[in-house]
Amino acid sequence: MNFGMSDLMPMLPEIFLLAATCAILITDLFISDQRRFLTYLLSLLTLAVCGWLTFSTATGITAYTMHGMFIDDLLSDTLKLFLYITVAVVLVYSRDYLHLRGLFRGEFFVLVLFATLGMMVMISGGNFITLYMGLELLSLSLYALVAMQRESALAVEAAMKYFILGALASGMLLYGMSMVYGATGSLDINHIGLLLQMGVANPTVLVLGLVFIVAGVAFKLGVAPFHMWIPDVYQGAPTAVTLFVGTATKLAAFAFAIRLLAQGLQAFSVDWQQMLAIMAVLSLAIGNVTAIAQTNLKRMLAYSTIAHMGFLLLGILSANVAGYSAALFYVVSYVITGLAAFGMIMLLSRRGFEAENLDDLKGLNQRNPWYAFLMLLVMFSLAGVPPTIGFYAKLAVLQALVSTGHTGLAVVAVVFSLIGAFYYLRVVRLMYFDKAEDTHPITPAFDFKILMGINGLAVLALGIMPQPLMAMCLYAVEQSL
Amino acid sequence: MLAGYPILSLVIWLPIISGVLVLATGSDRNAPLARILALVGALVSFAVTWPLWRWFDTQTANMQFSEFSSWIPSFNINYHLGVDGISMPLILLNSFMTVLVVLAGWRVIQNKVSQYMAAFLIMSGLINGVFAALDAMLFYVFFEAMLIPLFLVIGIWGGPRRVYAAIKFFLYTLMGSLLMLVAFIYLYFQANGSFEILAFQALPLTMSVQIMLFMAFFMAFAVKVPMWPVHTWLPDAHVEAPTGGSVILAAITLKIGAYGFLRFNLPITPDASHYLTGFIVTLSLIAVVYIGLVALVQGDMKKLIAYSSISHMGFVTLGIFMFNSIGMEGALVQMISHGFVSAAMFLGVGVMYDRLHSRQISDYGGLAKNMPVFASLLMLFSMANSGLPGTSGFVGEFMVIMGAMQVNFWYAFLAASTLIWGAAYTLWMYKRVIFGAVTRKEVAQMQDVVPREFVILGVLALLVLAMGVYPRPLTEVIHSSVSNLLAHVAQSKLP
């Protein structure tokens, strides 16, 4: 077996991230609390270097290494670049929030970086084992992150719930994978795809395995009926962690779904399309209707996420390049919007005060018109009203649906987004139509201020000029699948 | 003549840019600056629409002043603009109204002035976009985006129940337009991957598909018009909106619904339109007669005018679905005329409201004593609202009744009854508010119109009279486009 440096090249960013994270872990042991800022800077620097490595090694040609266990294609490079940016934004938004709550500790950064590594492995996994390892690395880091605020009962409860349900989902996923392995004799997703196309495997066992795999994927995406953990985790975790769970992990979950369903089990798309359709409609219904009843902003956004992931499934279930690229565009635009939404919650929080109820947004226009305007854009984007990016995300998915003859599903999706519009409008109403009760000035750090401005305006700018991002998503999917 | 100059882009983006500039003046400390900047922006934006009128070719039904550039090539969505005789007058009307709205809010709005003015300017640009867009998706983007500023205007500066009204308004209109979005996407695939409205119009479609598409468009536009029974958002929104919001709602946004019928329903689904004529005519006549009666019993002046608007818009939809030249031209004349008259009525109520802070008819009486100038101006507008010959209100209504007569006597008979209802509710309101004895001492202290208000109402009065006496410039502009549309609708599109 020949094994050279060239085999390691495609996974250079992962290797670097692992080494750098270990270095940060050790460095952090030797620095005092006053110098903790160094850990933060090193983490950002690591992400920047990873970005540079991924960007400079992106060839546009799909490369397999480690006997196909690891795939480096344009889709993975694109997703990883978005992932670095997302994680970096999460770190910047979280800095002051963590500081004020005594959570600005080395563990946070190391766990976030390990979770990032797990997501990168998921994005590039070419084999059931790799995918599973990536998933577990991500999940274990997340359980710890959610529980980081030890003295908060809510956080511990959320972590416990997340852990138990997550372990169950992992078990189901493994069970499904083992059945597919039993039917095909292979763990390699491309090989499985080939075998299924030739029709050599036993379809009964395969479909049974497929059900478990889809359930596992659904849990990770957080779509109904596997959504129970989402509201509790979003509400219980410190907002910095919610921000991370609510945005970055969606990118990885999307890649995970694409690798398993589109790349591995494409030949069985007729079977998983039906499951996805049911889950998508359920998620849209449960997410949008339940969100109306929420008074806690984090919980409301959690239900809104469920609805959005339902929409994402609609993109995937078109099972063609247009559908996958629509789903990719959807997830990227959701991440951009979600970053701003959760960032805004942290912006309004201060020492000893968690802005997590809807009423905390009251009169934001009176307190600070600029942030109210940004939040307005975010809410209209989540509701899918043009000219914001959220509209084009929905448009792309609907278009993929209609082109594959699912016009009925498109109408259902549209009706539920109308219901969804109601609770997003309520947020706008609180900000603009109600009087402020809380008159504390909003004083974010300089970098937070700049980044939030860019983030919020990106929602509008990408809505006016969506073409570059859209073309990029289409190109990445076309080149990789 | 003016080929190559992006006049329509200017018409759309100039108000939006000036709106952003006004917004940048920030807090109310800079309110005077915001006001002046907004007025300059509105005037300049109106000025740039002048070439549209001056160099408009009345001989052709083709799209004029066209602009085309690629916008989202992935979906073949283009930035394609152009106007014909149907849309051009509406753009002029909208740009003109924006100036009046800025002036009308000059003193009254003291809270968040820059946001108020900016919302109207941005909305004005977006509405011009709605009328000028020739790409369905571009149309949709403008169509939806204009809801956002209007939602904020009603919700921030409105009356006591403003939150309810704003959310009701937004959800109602969103409900209609989302189904239209699905229809657009469906047509996109039928037209081999194009969102061009003109391509949609040329597309052969089976009857069942046409009916489904017609209903999707109908949902979007009937809510906007609004037609009975989806009209209930309008009285709420009108009553709670500030004066400027009411003016834009009545004068402009209602016209978007009727414009949608002319641009989408009729040419894209002509067979379904003919098939469903009875349905539309019934709803229109219910609006004309029943809503006219509802208007009669209103105690709130703004509500009364809101119901009167629904009744008048019933006339517009009736005229459109008569499928003859005089009826359709009458509908268009009625749209423009209603733009002036309803705006003037709302501005008139605004003048009274600013002095007494009441919209109830019963709180007034005997205004003629100390507000003679105002009373005579309002007299003219009331007459126009009830369709008196010599005012613009008469021309459109008369043409629609003539058109209806060609189709069915009873249509014309019921439609003509509006001349009675309209006169009844408008003049009765006028009598109770303006004539009679002065019942309250607050009314006795009300001042007559100040020069700013006089200019606003006076200009509108001149326009109402001019259109009533000599409507030809307008009918000339719309004639070719209407003939072309009728010829198109007369041809079956069944494959």
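Residues numbered from 1 in each chain as written. Chains lettered and ligands numbered in written order. Predicted model: local features only at pLDDT ≥ 70, side-chain atom pairs only at ≥ 80, totals over all residues.

Our focus in this paragraph is the overall build of chain B. Counting secondary structure elements, chain B contains 24 helices and 2 strands. Expressed along its principal axes, the backbone C-alpha trace of chain B runs to roughly 70 × 55 × 45 Å. Considering only contacts within chain B whose residues lie at least 6 apart along the sequence, 80% involve residues at least 24 apart. (Helix = DSSP H or I, 4+ residues; strand = E, 2+ residues; numbered from the N terminus. Contact = placed C-beta atoms within 7 Å.)

Attention now moves to the overall build of chain A. Helix and strand counts for chain A stand at 20 helices and 2 strands. On C-alpha atoms alone, chain A measures out to a radius of gyration of 21 Å, which is about the 23 Å that the 2.2 N^0.38 rule sets for 481 residues. Summarising its shape, the C-alpha atoms of chain A cover approximately 70 × 60 × 40 Å along the three principal directions. For chain A, with 481 residues in total, the buried portion stands at 58%. (Rg over C-alpha atoms; globule rule 2.2 N^0.38 Å. Buried ≥ 20, exposed ≤ 12 C-beta atoms within 10 Å, placed from the backbone.)

A few words now on the interface of chain B and chain A. Chain B puts 26 residues into the contact, and the matching count from chain A is 25 residues. If you list the elements that add at least two residues to the side of chain B that touches chain A, you get helix H6 (136-145), helix H7 (147-157) and helix H8 (162-190) of chain B. Among the elements that line the side of chain B that touches chain A, the one with the most residues is H8(B), at 14 residues. Classifying every residue of the side of chain B that touches chain A by side-chain character gives 22 nonpolar, 2 polar and 2 charged. (Nonpolar A, V, L, I, M, F, W, Y, C, P; charged D, E, K, R; others polar.)

Let us look at the environment of Phe315(B). All names here are of chain B. Considering the arrangement of structural elements, one finds phenylalanine 315 in helix H15 (residues 301-320). You can call phenylalanine 315 buried: it has 28 C-beta atoms within 10 Å. Along the primary structure phenylalanine 315 and threonine 418 are separated by 103 residues, whereas in three dimensions their C-alpha atoms are 9.0 Å apart. Sequence-distant contacts of phenylalanine 315, defined by excluding residues within four places in its chain, comprise Val288, Gln334, Glu397, Val400, Ala415 and Thr418.

End to end, helix H7 (residues 153-184) of chain A covers 46 Å across 32 residues, agreeing with the expected 46 Å (1.5 Å per residue, within 8%). Immediately beyond the C-terminal end of H7(A), within one or two residues, lies Gly185(A), with a positive phi of roughly 75°. (Expected span 1.5 Å × (residues − 1).)

This next bit is on the packing of helix H13 (residues 297-316) of chain A against helix H14 (residues 321-348) of chain A. All names here are of chain A. Where H13 meets H14, the axes come as close as 9 Å, and the angle between the chain directions of the two elements is 170°. With respect to H14, the axis of H13 lies roughly antiparallel. For the pair H13 and H14, contact is made by Leu297, Lys298, Leu301, His308, Phe311, Leu312, Gly315 and Ile316 and by Gly323, Tyr324, Ala326, Ala327, Tyr330, Val331, Tyr334, Ala341 and Ile345, respectively. Looking at side-chain class alone, the contact of H13 with H14 contains 13 nonpolar, 3 polar and 1 charged residues. (Axes fitted to C-alpha atoms, helices over the stretch in contact; angles between N-to-C directions. Parallel < 35°, antiparallel > 145°, perpendicular 65-115°, else oblique.)

So, about the pairing of strand E1 (residues 64-72) of chain B. All names here are of chain B. Across 6 bridges, the pairing between E1 and strand E2 (residues 77-83) is antiparallel. Its bridge partner lying in E2, glutamine 64 is registered against valine 83. Where E1 hands over to E2, the hairpin turn is made up of 4 residues, of which asparagine 76 adopts a positive phi near 55°. (Pairing = 2+ DSSP bridges.)

Here we come to the packing of helix H1 (residues 7-24) of chain B against helix H2 (residues 31-47) of chain B. Residues and elements named next belong to chain B. One can describe the packing of H1 onto H2 by two numbers: an axis separation of 9 Å at closest approach and a directional angle of 175°. For the element pair H1 / H2, the angle class is roughly antiparallel. Residues Leu14, Pro15, Ser18, Gly19, Leu21 and Val22 of H1 touch H2, and the partners they reach there are Ala34, Leu37, Ala38, Gly41, Val44 and Ser45. Taken together, the residues that form the contact of H1 with H2 break down as 8 nonpolar, 4 polar and no charged.

Time to look at the environment of Ala119(B). All names here are of chain B. Topologically, alanine 119 is positioned in helix H5 (residues 113-132). Looking at alanine 119, the number of C-beta atoms within 10 Å reads 25, which means it is buried. On a C-alpha basis, the gap between alanine 119 and methionine 146 in space is 9.4 Å, while along the polypeptide they are 27 residues apart. Look past the residues within four positions of alanine 119 in its chain and what remains in contact with it is Pro149, Leu152 and Val153.

Residue and element names in this part refer to chain B. Per-residue confidence for chain B averages 86 on the pLDDT scale, and 99% of its residues sit at or above 70. Mean pLDDT values over the elements of chain B span from 76, in helix H22 (residues 441-444), up to 91, in H6. As a predicted assembly, this complex carries a pTM of 0.90 together with an ipTM value of 0.87. (pLDDT = per-residue confidence, 0-100.)

Glancing now at the environment of Trp428(B). Residue and element names in this part refer to chain B. Within the secondary structure, tryptophan 428 is located in helix H21 (residues 418-434). For tryptophan 428, a count of 15 C-beta atoms within 10 Å corresponds to the partly exposed category. For the pair tryptophan 428 and leucine 296, spaced 132 residues apart in sequence, the C-alpha to C-alpha distance is 8.4 Å.

Residues and elements named next belong to chain B. Following valine 225, the chain continues into proline 226 via a peptide bond in cis, with omega recorded as -15°. Looking at the element boundaries, proline 226 is found in the loop between helix H10 (207-224) and helix H11 (233-240). Here tryptophan 228 and proline 229 are connected by a cis peptide whose omega angle stands at 5°. By secondary structure assignment, the location of proline 229 is in the loop between H10 and H11. Unusually for a residue other than glycine, phenylalanine 65 sits at a positive phi of about 55°. Assignment of secondary structure puts phenylalanine 65 in strand E1. Under the C-beta neighbour-count criterion, phenylalanine 65 is labelled buried, with 24 such atoms within 10 Å.

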